Amino acid sequence: MVKICCIGAGYVGGPTMAVIALKCPNIQVAVVDISTARINAWNSDTLPIYEPGLDEVVKKCQGKNLSFSTDVEKHVAESDIVFVSVNTPTKTQGLGAGKAADLTYWESAARMIADVAKSNKIVVEKSTVPVKTAEAIEKILTHNSKGINFSILSNPEFLAEGTAISDLLNPDRVLIGGRETPEGKKAIEALRDVYAHWVPVDRILCTNLWSAELSKLAANAFLAQRISSVNAMSALCEATGADVSQVAHAVGKDTRIGPKFLNASVGFGGSCFQKDILNLVYICECNGLPEVATYWKQVIKVNDYQKTRFVNRIVSSMFNTVSGKKIAVLGFAFKKDTGDTRETPAIDVCKGLIGDKAKLSIYDPQVNQDQIQRDLSMKKFDWDHPVHLQPMSPTSVKDVSVVWDAYTATKDAHGICILTEWDEFKNLDYQKIFNDMQKPAFVFDGRNVVDAEKLRKIGFIVYSIGKPLDDWLKDMPAVA
Ligand code: NAD
Ligand code: UGA
């Protein structure tokens, strides 16, 4: 029986391996992690991540051909194929700080594989890594190999959170990069055979190593670029009276452009877009391509501009101060259907409002008080380390309360900001909410989820990203 092990039981390692176990009953899959808390959670009734459909898949396979363990070395030693899906944070110190990927966790995983291996292995890069990482990993493995053969493959993951299980069951493509040598081709075939259990072979793309590594960074950069493009348009729409949804619809109808990923928002978040683009920018700079680096950097600058613009809009609309005012924040996760808050735009928006001395009451159906307090007190990029290695803040952020329903959050508030597009925010009883708020009552919709006309009829002053402005807002321009 083929044995697979995955180092890293996170958002990628857990769901990816669960689906491999589901679709390949003849393969034994072990997911291992240095975090005991994470592994305990995978082995409990409350999984460490919220992802629709994940519980069912895990329940079906656990105890049969899927296990979660902290015994990293044992499972690595026993496996034929070792996936590595560990954190690849942005460096915060030293060469390339603020841009380059920190490969500490990857390197320590590679050294451990070399240490414990007693048989030949295929080592698969599942984490998103800089181009040419496979070369470095190959060097670490072969210089410590004791005569064992290691084949390195790049198999980047394209799943999106919130839809991870359906993305994994029905991927647009699976990408496998390997060396163009007989051993490299054999390794590619072995991994292709795993995916071929459920993915049509014409969707399994095989390339050289560097194309696979770069394609992952390129795909995330293109996706993020679309959002920054539509968000840049949203600012122009507000200035001109155009409606960004209508513009996006008209633009997306062109089959060469397509309709997806054109929703204007308060900004993109998530663990990867910013990190991967910064990494791409650094690689461009290192390769003597400053113009290309500047081009991609702009995608992040527009994203930061969009968040700042949103905060400024709130403050300027509310008589240029939110000091001491209660603002209800609806939604904290970086998108709906996940409890993940990594790089969520809510962090920057909340920090901006706290900077202007607002009192925040935050509600998100999937994010708890602990997480929100950690996020608001953590330094940039510190979140992307294994949980037990993250610096803990000694104090919680004052002026922030976290509540468990939207009505408590909005009671007596001066304004509401919608920062995640949870479906339940569409159908709240806004008349009741209006009655319980201070007047004038404002709604700042950073995700275009509410029916603005209906809310205006109730009496709210409404700001929707990229939509024609209320007269009230027109008179109070948000200068970023
Ligand atoms: P994560 O933080 O959820 O999981 C990483 C896990 O690796 C953690 O549980 C950590 O404890 C563990 N770990 C770190 N070093 C280890 C070691 N030496 N030995 C054993 N375990 C170790 O991260 P994630 O979201 O799963 O992302 C993992 C990688 O996949 C990153 O490179 C990311 O860029 C990439 N990726 C993420 C997504 C996503 O949607 N989250 C999608 C595609 C690609
Ligand atoms: C993204 C990519 O979609 C995945 O293909 C990739 O594997 C993953 O990054 C990764 O490498 O980590 P994810 O971050 O989970 O997936 O979620 P997305 O659906 O891409 O959303 C990212 C952010 O963009 C969210 O904050 C979302 O609200 C925002 N967004 C998305 C918009 O503002 N507008 C849109 O039209 C789409």
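Residues numbered from 1 in each chain as written. Chains lettered and ligands numbered in written order. Predicted model: local features only at pLDDT ≥ 70, side-chain atom pairs only at ≥ 80, totals over all residues. Heavy atoms only, no water.

(A) Representation of the pairing of strand E12 (residues 415-418) in the model. The alternating pattern of E12 places Gly415 and Cys417 and Ile416 and Ile418 on opposite faces, both of which are buried. Relative to E12, strand E9 (residues 326-330) is paired through four bridges, and the arrangement is parallel. Each residue of the ladder has a partner; that of Leu330, found in E12, is Ile418. By the bridge criterion, four bridges tie E12 to strand E13 (residues 442-445) in an arrangement that is parallel. Within E13, the position partnered with Ile418 by the bridge is Asp445. This β-α-β element, E12 to helix H16 (residues 430-435) to E13, shows right-handed connectivity. (Buried < 20%, exposed > 50% of the residue type's maximum accessible area, 1.4 Å probe, protein only. Helix = DSSP H or I, 4+ residues; strand = E, 2+ residues; numbered from the N terminus. Pairing = 2+ DSSP bridges. Right-handed = clockwise from strand over helix to strand, strands pointing away.)

(B) Main features of the side chain of Thr410. Take Thr410: it is sitting in helix H15 (residues 406-410). Look at Thr410 and you get buried, because its relative accessible area is 1%. Those residues in contact with Thr410, other than ones at most four positions away along the chain, are Ala328, Leu330, Ile416, Ile433, Asp436 and Met437. (Contact = heavy atoms within 4.5 Å.)

(C) Structural view of helix H6 (residues 133-143). Turning to H6, its buried residues are Thr133, Ala134, Ile137, Glu138, Ile140 and Leu141. Taken around the axis of H6, the buried residues stretch over an arc of 165°, which confines them to a single face. Close packing links the buried residues of H6 with helix H5 (104-116), strand E5 (121-125), strand E6 (150-154) and helix H9 (209-240). (Arc of directions from axis to C-beta.)

(D) Structural detail: the domain arrangement of the chain. According to the domain assignment, the chain contains domain 1 (3-199) and domain 2 (221-464). On a C-alpha basis, the centroid separation for the pair domain 1 and domain 2 is 32 Å. Counting from both sides, the interface comprises 25 residues of domain 1 and, opposite them, 25 residues of domain 2. It is Tyr50, Lys99 and Glu161 in domain 1 that bury the most area against domain 2; as a group they hold 30% of the surface buried on that side. On inspection of domain 1 and its partner domain 2, the count reaches two salt bridges. One salt bridge in this structure joins Glu285 and Lys99, with 2.8 Å as the shortest N-O distance. Inspection of the domain 1/domain 2 interface yields five residue pairs in polar contact (both at pLDDT 80 or more). Residue classes in the side of domain 1 that touches domain 2 are distributed as 13 nonpolar, nine polar and three charged. (Domains from an automatic or database assignment. Buried area = accessible area lost by both parts, 1.4 Å probe. Salt bridge = Lys/Arg side-chain N within 4 Å of Asp/Glu carboxyl O. Polar contact = N/O pair within 3.5 Å; in protein donor to acceptor, adjacent residues only side chain to side chain. Nonpolar A, V, L, I, M, F, W, Y, C, P; charged D, E, K, R; others polar.)

(E) Fine view of the site of ligand 2. Inspection of the region around ligand 2 gives 20 residues, with Phe158, Leu159, Ser265, Cys272 and Arg447 positioned closest. Within the backbone of Glu157, one N or O atom sits 3.4 Å away from an oxygen atom of ligand 2. With respect to ligand 2, the backbone of Glu161 contributes an N or O atom lying 2.7 Å from an oxygen atom. Isolated, ligand 2 exposes 700 Å² of accessible area, and the fraction of that covered by the protein chains is 90%. By residue number, the principal contributor to the shell around ligand 2 is H9, which donates four residues. (Near = heavy atom within 4 Å. Areas by Shrake-Rupley, 256 points an atom, 1.4 Å probe, with all protein chains shown as cover.)

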